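# Architecture and fold: a report
This is what each chain is made of:
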Amino acid sequence: MAWSEQDVPEQHGRVAVVTGANSGLGFETARVLAARGATVVLAVRDEARGASAIARITDAAPGARLELQRLDLGSLASIRTAAAELHESHPRIDLLINNAGVMYPPRQTTSDGFELQFGTNHLGHFAFTGQVLDLLLPVPGSRVVTVASVAHRIRASIHFDDLQWERSYERIAAYGQSKLANLMFHYELQRRLEARSAPAGRGTVSVAAHPGIADTELIRHLPKPLQGLQAAAPLLSQDAAHGALPSLRAATDPSVLGGQFYGPDALGERRGSPRVVASSKQSYDLDTQRRLWAVSEELTGVVFPV
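Starting from 1, residues in each chain are numbered consecutively following that chain's sequence as written. Given that this is a predicted model, residues contribute local features only at a pLDDT of at least 70 and side-chain atom pairs are listed and counted only at 80 or more, while totals for whole chains, interfaces and linings are drawn from all residues. Computation of side-chain values: all heavy atoms of the structure, hydrogens and water removed.

## Focus on the overall build of the protein chain
Convention followed: A run of H or I in DSSP counts as a helix once it spans at least four residues, and a run of E counts as a strand once it spans at least two, with each numbered from the N terminus. Computation of the radius of gyration draws on C-alpha atoms, with the globule rule given as 2.2 Å multiplied by the number of residues to the power 0.38. Only protein chains enter the calculation, and the probe is 1.4 Å; a residue is then buried if its accessible area is under 20% of its type maximum, exposed if over 50%, and partly exposed in between. Any two residues having at least one pair of non-hydrogen atoms within 4.5 Å are treated as being in contact. For accessible areas, the Shrake-Rupley method is used with a probe of radius 1.4 Å. Any residue's cover is judged against the shown protein chains and nothing else.
Within the protein chain one finds 9 helices and 10 strands. Taken against the 2.2 N^0.38 rule, which gives 19 Å for 306 residues, the C-alpha radius of gyration of the protein chain at 18 Å falls within 12% of a compact globule. Here the protein chain, with 306 residues, has 57% of them falling under the buried criterion. Sequence-distant contacts in the protein chain: of pairs separated by 6 or more residues, those separated by 24 or more amount to 75%. Working note: accessible area of the protein chain is about 12700 Å², and carbon and sulfur atoms make up 52% of it.

Put into C-alpha cells, the structure is as follows:
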C-alpha cells in the first residue's frame, strides 16, 4: 500500500524545526507535522511570508502549535543568531528538517562570499545543524533530515579546486554540486552519530530524502526549455504535497534507519510513493565526504559536537 500523509504517526510532544517552511515542500512538511500535533518552528528568511504560512496552516489545522524563527541560510551571522534564539526558546528539538534551498539562479554570492547555491543549500545547513545539534543529541529518537535532489546525479561533482565557481559558473552543475554535498554531509553525519555511545535505536540519526520532480517555487530559475518541458509533461512530476512525502517518511516512520535515503518509487524516482532509494556511486565516497566536512568546518567556523 502506498505510504501517504495519513501514515504519519502522532507527533504530540515533539518539536520540529523546518527550514524554508513558508512555501513548497517545507510548507507541506510543516503543515502535516502540525496537524499531527508537533510544535513546528518555521525557520524562514522572509518573516512576512512565514507569518502568512502560519495563518494558512492554522486555518487548515486550528489549534496547531506553530512558531516563527528568522533564518537566512545565506548569512553565517543570521545562522548564529537563529541557533542562539532556539537555544533560549527550546530545551530540545526532536526533528530538524533541512529543507530550504535555491536552484539554478544567476551567479550570486551569500553575504559571506560563498556561491549562493553551495553557500545556502550546503554550507548554510551545515552551519545551522552544527549549532543546534546539541538540542537533538539528548532526545531519544531525534532525527536530522536532509532534503537532497535527483540533481545530485546531474553534472555533479565536488569541485575542491573552485568550490565557489569563481573561474566560471554553470548553474546546473553548481546546483548538482550543492545537492551532492547535501548527501555527503548526511552520510558523514550519520557515521559520526553512530560513533557516539548512545543506546541502540535511541540515539540521534541522520536521514536524507528527495522529492522527485516537484512543482514548487524552485522551478522559477529553470531554463525556459525545461520550464516548457515540465509544463507539458505533468506525468513526470508531482505537486508539493506529494513531493514532501519522502521527507515526512524520513522524519516520522518508526521503521526508518540512520543513513537511509528516501525518494519516490516510480520510474526515475520522479514521482510516486516514498521508499528507500540509492544515491549515486560518488556520493558514497568516504574520502570525499571527510574532505568536504573538513572544508565546510573551515569555511563556516562551525565544529560539530560529534
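## Considerations on empty space enclosed by the protein
Quick note on the threshold: Both cavities and pockets are sets of points on a 1 Å grid over the protein atoms alone; in a cavity a 1.4 Å probe fits but cannot get out, in a pocket the set is open with protein on both sides within 12 Å along at least five of seven lines, and lining residues sit with an atom within 4 Å of a point. Grid points are joined across faces, edges and corners, and a volume is the space filled by probe spheres set on the points.
A complete count under the given rule lists 1 cavity of 30 Å³ or more for this structure. The space that makes up the largest cavity amounts to roughly 40 Å³. As for the largest cavity, its lining consists of L73, G74, S75, L76, T110, D112, F114, G119, L123 and G124. Top contributing element to the lining of the largest cavity by residue count: helix α4 (residues 116–136), with 3 residues.

## Overview of helix α8 (residues 245–252)
Because each turn of an α-helix spans 3.6 residues, side chains separated by three or four positions in sequence point in the same direction. Counting buried positions along α8 gives 8 out of 8 residues, so the element sits mostly inside the fold. Buried within α8 we find L245, P246, S247, L248, R249, A250, A251 and T252.

## Remarks on the sheet that holds strand β6 (residues 205–209)
Inclusion rule: Here a strand pair is declared whenever DSSP counts at least two bridges between the two strands. Here the axes come from fitting lines to C-alpha atoms, over the contacting stretch only for helices, and the angles between their N-to-C directions go from 0 to 180 degrees.
With mixed pairing, the 8 strands of this open sheet are ordered in space as β3-β2-β1-β4-β5-β6-β9-β10. Lying at the two open borders of the sheet, with one neighbouring strand each, are β3 (65–70) and β10 (274–276). Along the sheet, successive strands turn relative to each other by an average axial angle of 20 degrees, direction set aside. In this structure, strand β4 (residues 95–98) lies alongside strand β5 (residues 143–147), joined through 4 bridges in parallel fashion.

## Regarding the packing of helix α5 (residues 171–194) against helix α9 (residues 286–300)
Cut-off, in case you're wondering: With respect to orientation, any angle under 35 degrees is reported as roughly parallel, any angle over 145 as roughly antiparallel, any angle of 65 to 115 as roughly perpendicular, and every other angle as oblique. Any residue outside Ala, Val, Leu, Ile, Met, Phe, Trp, Tyr, Cys, Pro, Asp, Glu, Lys and Arg is labelled polar, Gly included; the first ten of those are nonpolar and the last four are charged.
Their axes nearest at 9 Å, the elements α5 and α9 cross at an angle of 90 degrees. It follows that α5 is roughly perpendicular to α9 by the angle criterion. In this structure, α5 uses A181, M184, F185, Y187, E188, L189, R191 and R192 to contact α9, whose residues at the interface are L286, T288, Q289, R290, L292 and W293. Among the residues making up the contact of α5 with α9, the classes are represented as 8 nonpolar, 2 polar and 4 charged.

## Overview of the pattern of salt bridges
Test applied: Salt bridges are defined as contacts in which a side-chain nitrogen from Lys or Arg sits within 4 Å of a carboxyl oxygen from Asp or Glu.
Taken as a whole and judged by the stated rule, the model has 9 salt bridges. As a salt-bridge pair, E170 and R155 come within 2.0 Å of each other at their nearest N and O atoms. Here R155 lies in the loop between β5 and α5 and E170 lies in the loop between β5 and α5, a separation of 15 residues in the sequence. Note that E188 and R191 form a salt bridge whose closest N and O atoms lie 2.3 Å from each other. Of this pair, E188 and R191 both sit in helix α5, separated by 3 residues, roughly a single helical turn.

## Details of the pairing of strand β2 (residues 39–44)
The condition is simple: Look down the strands so they point away from you; if going from the first strand over the helix to the second traces a clockwise path, that crossover is right-handed.
Counting buried residues in β2 gives 6 out of 6 residues, a clear majority hidden from the surface. Here strand β1 (residues 15–19) runs beside β2; their pairing, made up of 5 bridges, is parallel. Across the sheet, the residue bridging to V17 is V41, located in β2. Traced from β1 through helix α1 (residues 24–35) to β2, the parallel crossover comes out right-handed. Looking at chain direction, β2 and β3 are connected through 6 bridges and run parallel. Of the residues in β3, the one forming a bridge with V40 is L66. Read from β2 through helix α2 (residues 47–60) to β3, the crossover connection turns out right-handed.

Note that every value here comes from positions in space, so none of it alone points to a role or purpose.
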